[in-house]
Amino acid sequence: MRADRYIEASELGLDLYRGVAELPLVSPHGHIDVRLFADPAARLDPPGRLFVTTDHYVVRMLYSQGIALERAGLGAGGADDRAVWQLLADNVHLFALTPTGLWLRETLATVFGIEERLEPSNAAAIYARIEEQLSTPAFAPHALLDRFRVECLSTTDSAGSSLAEHQLLADAQPGFRIRPTFRPDAVVALDAAGWRTALSELESAADREVDDYTTFVEALAERRGAFKALGATATDHAATSADTTRLAEGEAAALFALALAGVVSPADARRFEAHMLNEFARMSIDDGLVMQLHVGSLRDHNRPLAERFGRDIGADIPVATDWTRGLRPLLEAYGNDPGFAVVLFTLDESTYSRELAPLAGHYPAVLLGCPWWFHDSPAGIDRFLDRVTETAGLYNLAGFVDDARALTALPARHDLWRRRCAGWLAGKVAAGFLEEEEAHRLARELAYGLVRRAYRLEA
């Protein structure tokens, strides 16, 4: 593979990349299951499940071509893993010029040492090579963490999680290399089908009955403390809208009571979610956890498919986001507090320069998250940097998070970010906007420094 790939044939860009290529990986937001690290017997999934069934980028593309999801291994009973892998090989051409195709090629080459292009004719042979490696001690989860130079990895855990696996890891390995992240979405979506179950899990974890709004808020604050005790430095919140309008305490309590009675309306549920975003910001002032907001995704747009196969199968669709008005209640209350930090992620690229960069360029609390979901791509990285830096600068960015669901995906995600940032910075030097020395310093910040400070990992 070309040494200067994704850097666009720039000698300076390649030099900048080489200066950061071996830095540790910091992964403060992702969706890798903590049980993979807590169970000594745990191993990675077989190739078909690892590269296809659990990867919603792959699944959505296959489905867009009319391929039944059952063939990708979804649904009751699953599918033969070799057949799932063959399905990928038969359709690998679909991923040309997509970041998914790039990540597949990079992961095969850099993680598994397989540089041949995956094709229908060699699928079985490549499957066998991957499967053989996955069974070796070198591919045990903790061995891969060491090989990939992972300094820190955060999982995403529900508010009602017992955190038992994180406790096991903390007892066995000081230093919190694996950290939890507090994600309370399931308990604040009052009209969701699984809300009652999520509330019961919160009650169990908090060891108290939650029968009113006051107790609900107290239980959430207690759980945040439990997360922090096990190394958490951040919370994560996903919402369709950026609305953070705060309700009067009595009104919030009344809406929670309606939910307990099973009669809350969707409109009132959305008002409660907006209120709780504001309330969680207040809690962050108290406990110091960094608040992440992933806003602008209409989750499970294809509801019939979600009902058949479950959530998170690639049917999340972006919506327009009004950050300026939506965040104003939250930022007027807490955005000037030096103890508060909020990292903003968007799927609405039109807001990069119009709203997000001006917000981050003013409020001390606001940091901009890297390109997310559909925009985590070479061109997406360029668009992001082009549109935010003139107003926000680079030091109001939160660095890179990989949002990965598979441990083997980490190197490719981080390497692409580092390569593209190096190429982008080299272009700025060539155009006279930067000196080389400054470009080297900024390349390191984008690869490593910014994310450690943004997520308060330096201590």
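Refer to the structure presented above.
Overview of the structure. (Residues numbered from 1 in each chain as written. Predicted model: local features only at pLDDT ≥ 70, side-chain atom pairs only at ≥ 80, totals over all residues. Heavy atoms only, no water.)

Brief notes about the overall build of the protein
For the record, the criterion: Per the convention used, a helix needs a DSSP run of H or I reaching at least four residues, while a strand needs a run of E reaching at least two, with both numbered from the N terminus. We compute the radius of gyration from the C-alpha atoms alone; for a globule the expected value is 2.2 Å times N to the 0.38, where N is the number of residues. Burial classification: accessible surface area is computed with a 1.4 Å probe over protein chains only, and a residue below 20% of its type maximum counts as buried, one above 50% as exposed, and the rest as partly exposed. Contacts are assigned to residue pairs that have any heavy atoms within 4.5 Å of one another.
If you tally the helices and strands in the protein, you get 21 helices and 11 strands. Relative to the compact-globule value of 23 Å for 459 residues, the protein shows a C-alpha radius of gyration of 22 Å, a close match. Along the first, second and third principal axes, the C-alpha set of the protein runs to 65 × 60 × 45 Å. For the protein, with 459 residues in total, the buried portion stands at 57%. At a minimum sequence separation of 6, the contacts of the protein that also span at least 24 residues come to 77%.

Regarding the pattern of salt bridges
Our working rule: Whenever a carboxyl oxygen of Asp or Glu lies within 4 Å of a side-chain nitrogen of Lys or Arg, that contact is scored as a salt bridge.
Under the definition given, this model contains 34 salt bridges. The shortest N-O distance in the salt bridge between Glu70 and Arg308 comes to 2.8 Å. Taken together, the residues Glu70 in the loop between helix H4 (56-64) and helix H5 (81-90) and Arg308 in helix H15 (residues 303-309) connect sequence positions 238 residues apart. Classification of Glu70 by relative accessible area gives partly exposed; the value is 36%. Between Arg282 and Asp286 there is a salt bridge, with the nearest N and O atoms lying 3.0 Å from each other. With Arg282 and Asp286 both in helix H14 (residues 266-287) and 4 residues apart, this pair spans about one turn of that helix. Using a relative accessible area of 27% as the deciding quantity, one classes Arg282 as partly exposed. Salt bridges sharing common partners tie together Arg246, Glu249, Glu279, Arg282 and Asp286.

Concerning the packing of aromatic side chains
The relation between two aromatic rings is expressed through the spacing of the ring centres and the mutual angle of the planes. Heads up, the condition is: Between rings of Phe, Tyr and Trp, where Trp is taken as its six-membered ring, a pair exists when centres lie within 6.5 Å; planes separated by under 30 degrees are stacked, by over 60 edge-to-face, and by other angles tilted.
What the rule picks out here adds up to 17 aromatic pairs. Residues Phe51 and Trp85 carry aromatic rings whose centres are separated by 5.4 Å and whose planes lie at 70° to one another, so their mutual orientation is edge-to-face. Here Phe51 is found in helix H3 (residues 47-53), whereas its partner Trp85 is found in helix H5, with 34 residues between them in sequence. No difference in accessibility class separates Phe51 from Trp85, as the two residues are buried. Taken together, a centroid distance of 6.1 Å and an interplanar angle of 80° make the contact between Tyr213 and Phe272 edge-to-face.

Examining the nonpolar core
For clarity, the threshold we go by: To form a nonpolar core, buried Ala, Val, Leu, Ile, Met, Phe, Trp, Tyr and Cys residues must be joined to one another through side-chain atoms within 4.5 Å.
In terms of nonpolar packing, the biggest core is built from 111 residues, with Phe216, Leu220 and Leu425 touching the most fellow members. Non-local contacts of Leu425, meaning those with residues more than four positions away in its chain, are made with Leu16, Leu394, Leu434, Ala439, Leu442, Ala443 and Leu446. Grouped together as the second largest cluster of nonpolar side chains are 53 residues, Leu74, Phe112, Leu118 and Ala404 included.

Describing the layout of surface pockets
Selection criterion: Within this scheme a cavity is a closed region of a 1 Å grid, computed over the protein atoms alone, that accommodates a 1.4 Å probe without allowing it to escape, whereas a pocket is open but has protein on both sides within 12 Å along at least five of seven lines; lining residues each have an atom within 4 Å of a point. Grid points are joined across faces, edges and corners, and a volume is the space filled by probe spheres set on the points. Throughout, the ten residues Ala, Val, Leu, Ile, Met, Phe, Trp, Tyr, Cys and Pro are labelled nonpolar, Asp, Glu, Lys and Arg are labelled charged, and all others, Gly among them, are labelled polar.
If you add up the space inside the second largest pocket, you get close to 350 Å³. What lines the second largest pocket is a set of 19 residues, and nearest its centre among them are Phe95, Gly101, Leu102, Arg105 and Arg117. Of the residues forming the lining of the second largest pocket, the biggest block, 7 residues, is contributed by helix H6 (residues 99-110). Each residue belonging to the lining of the second largest pocket can be placed in one class, and the counts come to 13 nonpolar, 2 polar and 4 charged.

Here we look at helix H21 (residues 436-454)
Threshold: Here, expected helix span is obtained from the residue count minus one, scaled by 1.5 Å.
Taking 1.5 Å per residue, 19 residues should reach 27 Å; H21 reaches 25 Å between its end C-alpha atoms and fits that length. Listed as buried for H21 are Ala439, Leu442, Ala443, Glu445, Leu446, Ala447, Tyr448, Gly449, Leu450, Val451, Arg452 and Ala454. In the segment just after H21, Arg456 is the residue with positive phi, at about 55°.

Regarding the pairing of strand S10 (residues 342-346)
Operational definition: By the convention used here, strands pair only if DSSP detects at least 2 bridges between them. Convention used here: a crossover is right-handed provided that the path from the first strand, over the helix, to the second strand proceeds clockwise when the strands point away from the viewer.
Within S10, 5 of the 5 residues are buried, leaving the element largely enclosed by the surrounding structure. Every second residue of S10 is oriented toward a common face, with Val342, Leu344 and Thr346 on one face and Val343 and Phe345 on the other, all of them buried. Both S10 and strand S11 (residues 366-368) contribute to a ladder of 3 bridges, which runs parallel. Among the inter-strand pairings, Val343 is bridged to a residue of S11, identified as Leu367. In this fold, S10 hands off to helix H18 (residues 351-360), which returns the chain to S11; that crossover is right-handed.

Brief notes about the sheet that holds strand S2 (residues 150-154)
For clarity, the threshold we go by: Here an axis means a line fitted to C-alpha atoms, over the contact stretch when the element is a helix, while the angle between two N-to-C directions is reported on a 0 to 180 degree scale.
Sheet architecture is open: 3 strands sit in the order S1-S2-S4, paired in parallel fashion. Two strands close off the open sheet at either side, each with one partner strand: strand S1 (25-27) and strand S4 (178-179). Relative to S2, S1 is paired through 3 bridges, and the arrangement is parallel. From the neighbouring strand, Leu25 faces S2, where its bridge partner is Val150. Packing of helix H20 (residues 410-430) onto the sheet brings it into contact with S1 and S2, and relative to S1 it is tilted by some 105°.

A look at the environment of Asn122
What counts, and what does not: Polar contacts, as used here, are pairs of N or O atoms within 3.5 Å; protein pairs need one atom able to donate a hydrogen and one able to accept it. Residues neighboring in sequence count only if both atoms are side-chain atoms.
By the secondary structure assignment, Asn122 is in the loop between H6 and helix H7 (123-134). Between the alpha carbons of Asn122 and Leu347 there is a distance of 37 Å; along the sequence they are 225 residues apart. Setting aside its immediate chain neighbours within four residues, Asn122 contacts Glu116 and Arg117. Within polar-contact distance, the side chain of Asn122 engages the backbone oxygen of Arg117 at 2.9 Å.

A word on a negative patch on the surface
Short version of the rule: Nonpolar side chains (Val, Leu, Ile, Met, Phe, Trp, Tyr) are joined into patches within 5 Å and like charges within 9 Å, using only residues with over 30% relative accessible area and no salt bridge. Per-residue and other accessible areas follow the Shrake-Rupley method at a 1.4 Å probe size, with only the shown protein chains counted as cover for residues. Positive charge is attributed to Lys and Arg, negative charge to Asp and Glu, and no charge count is given to His or to the chain ends. For this purpose, a charge sits on NZ of Lys, CZ of Arg, CG of Asp or CD of Glu.
Negative charge collects at one region of the surface, where Glu11, Asp15, Glu435, Glu436 and Glu437 lie side by side. Following the sequence through the fold, Glu435 ends up in the loop between H20 and H21. Classification of Glu435 by relative accessible area gives exposed; the value is 60%.

Quick word on the environment of Asp211
Following the sequence through the fold, Asp211 ends up in the loop between helix H11 (195-206) and helix H12 (213-229). Residues Asp211 and Leu199 lie 12 residues apart in sequence; the distance between their C-alpha atoms is 10.0 Å.

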